[in-house]
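The lines below spell out each chain.
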Amino acid sequence: MSVMVARKKVVRKWEKLPGRNTFCCDGRIMMARQKGIFYLTLFLILGTCALFFAFECRYLAVQLSPAIPVFAAVLFLFAMATLLRTSFSDPGVIPRALPDEAAFIEMEIEATNGTVPQGQRPPPRIKNFQINNQIVKLKYCYTCKIFRPPRASHCSICDNCVERFDHHCPWVGNCVGKRNYRYFYLFILSLSLLTIYIFTFNIVYVALSESGCGEVDGWAGCSLSLTVLTVLEVLICFFTLWSVVGLTGFHTFLVALNQTTNEDIKGSWTGKNRVQNPYSHGNIVKNCCEVLCGPLPPSVLDRRGILQQEESTAQEESCPRGPSAQEPAAAQGRVTALFSLQVPVPSLSNTEMPEEKQLTSGELPVPSQDAGQAEH
């Protein structure tokens, strides 16, 4: 006898999310699919710091101060923590509209714009929103089927609308938005300090080794190889210094104005448009506190939420001819009633069953489809 058994398969919401993202650790880690440059970032930071801690720090700790490697370790750990927090977190992705929501928005747009004659271009899908006495335009996203909130934009690389979108950074392997911008800023700030720190003490190490101030653990014969590695570190720090420090200065300027990179590139609040930035408080301290110290909104994706899907599988079971002696009496009665060929059914009149077919003696009642779905 074949019996259909329904098994429930637990599916997390992150497995069904649209967009070009990758997830790890059961949806706890969210990144972009293009992660090659992110691995290069890790290699440069880890490699440079490993050489500095392995060679120069030991020499400088003896010749100058043991606090030099301690402070370098603090900067390194802080930079790595903020990098991973920026790369592995949700930047503020806005969920796409459900089919019913998208249809309702389309009806609203058609009711507002009216019927567009054939051959004419339809008007842009824009809503005006007022913030601090300034008119802000909410643009419609044709991919996500929503009107984007203020300061949100659609990332073409991750294929998601991101709230307070700043930019997509391939060096961290993720978008930079409302939920991870402060960690991105702290990362580039700490990386700038770490780069300056290693660059400076590498120069000090070369100067001390050239002057012959002493040797550490008998390393005097390895001074040539150590100098080559130090020069390699100096070159890496020198070329990194200009880009990272310049990027930190640029984002410090944006934080002071409470502005994003996307808004700065588009010139949204420049003087040529005669529109003031409605999000700026007019005070540098207040702007910095809002961007870097304000409350962090929770993720609206619910990546680890559960979606249950039922899968029906057929199993072959042998039907016993008689009940076992160990079965309870109640179970024997149920099995006998289930497999009985003739079930006594009380006769019902047409008035008692107006919408259902009358059952005759000997027929099994067939459950309706709605009742079967309710039992599931």
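Residues numbered from 1 in each chain as written. Predicted model: local features only at pLDDT ≥ 70, side-chain atom pairs only at ≥ 80, totals over all residues. Heavy atoms only, no water.

**Considering the sheet that holds strand β4 (residues 93-94)**
Keep this limit in mind: Pairing between two strands requires that DSSP report at least two bridges joining them. Per the convention used, a helix needs a DSSP run of H or I reaching at least four residues, while a strand needs a run of E reaching at least two, with both numbered from the N terminus.
The three strands are arranged β4-β9-β8 in an open sheet whose pairing can be described as antiparallel. In this open sheet, the two edge strands, each paired with only one partner strand, are β4 and β8 (153-155). Pairing of β8 with strand β9 (residues 160-162) involves three bridges; the strand directions are antiparallel. By the bridge assignment, H154 is partnered in β9 with C161.

**Section: the pairing of strand β6 (residues 134-141)**
Of the strand pairs in this sheet, strand β5 (residues 126-131) and β6 are connected by six bridges, and their pairing is antiparallel. Across the sheet, I131 pairs through a bridge with Q134, a residue of β6. The turn linking β5 back onto β6 is made up of two residues, and N132 within it adopts a positive phi angle of 50 degrees. Two successive antiparallel strands, β6 and strand β7 (residues 146-147), enclose a turn made up of four residues, where K145 displays a positive phi of approximately 60 degrees.

**With respect to a nonpolar patch on the surface**
The cut-off we apply is this: A patch consists of residues whose relative accessible area exceeds 30% and which take part in no salt bridge; residues with like charges are grouped when within 9 Å of each other, and nonpolar side chains (Val, Leu, Ile, Met, Phe, Trp, Tyr) when within 5 Å. Here the open area of atoms and residues is found with the Shrake-Rupley method and a 1.4 Å probe, where only the protein chains shown may cover a residue. By definition, a salt bridge exists where a carboxyl oxygen of Asp or Glu is found within 4 Å of a side-chain nitrogen of Lys or Arg.
Residues I37, L40, F43, L44 and W171 make up a contiguous nonpolar surface patch of roughly 490 Å² in combined accessible area. Mapping L44 onto the fold places it in helix α1 (residues 36-63).

**Quick look at the side chain of H251**
Quick note on the threshold: Relative accessibility under 20% of the residue-type maximum defines a buried residue, over 50% an exposed one, and the middle range a partly exposed one, all with a 1.4 Å probe and only protein chains included. Here, residues are in contact when the closest pair of their heavy atoms is within 4.5 Å.
Within the element layout of this structure, H251 appears in helix α5 (residues 223-257). By relative accessible area, which is 1% here, H251 ends up buried. Excluding anything up to four places from it in sequence, H251 contacts D166, H167, Y181, F184, Y185, I188 and T261.

**Details of the nonpolar core**
Counted only if it meets this: In these notes, a set of buried Ala, Val, Leu, Ile, Met, Phe, Trp, Tyr and Cys residues joined through side-chain atoms within 4.5 Å is what counts as a nonpolar core.
The biggest cluster of nonpolar side chains holds 36 residues, and the ones touching the most others in it are I45, L60, L83 and F187. For this core, the elements supplying multiple residues, two or more each, are β3 (29-32), α1, α2 (67-88), α4 (181-211) and α5. Per element, the largest residue contribution to this core is twelve residues, and it comes from α4. When near neighbours in sequence (up to four residues on either side) are disregarded, F187 contacts T41, I45, A79, T82, L83 and V172.

**Details of unusual backbone geometry**
Excluding glycine, a negative phi dihedral is what most residues carry, and trans is how most peptide bonds are arranged. The backbone phi angle of K145 is positive, close to 60 degrees, even though this residue is not glycine. Here D302, not a glycine, exhibits a phi torsion of approximately 55 degrees, which is positive. Locating D302 in the fold gives a position in the loop between α7 (284-293) and β12 (306-316). For D302, a relative accessible area of 42% translates into the label partly exposed.

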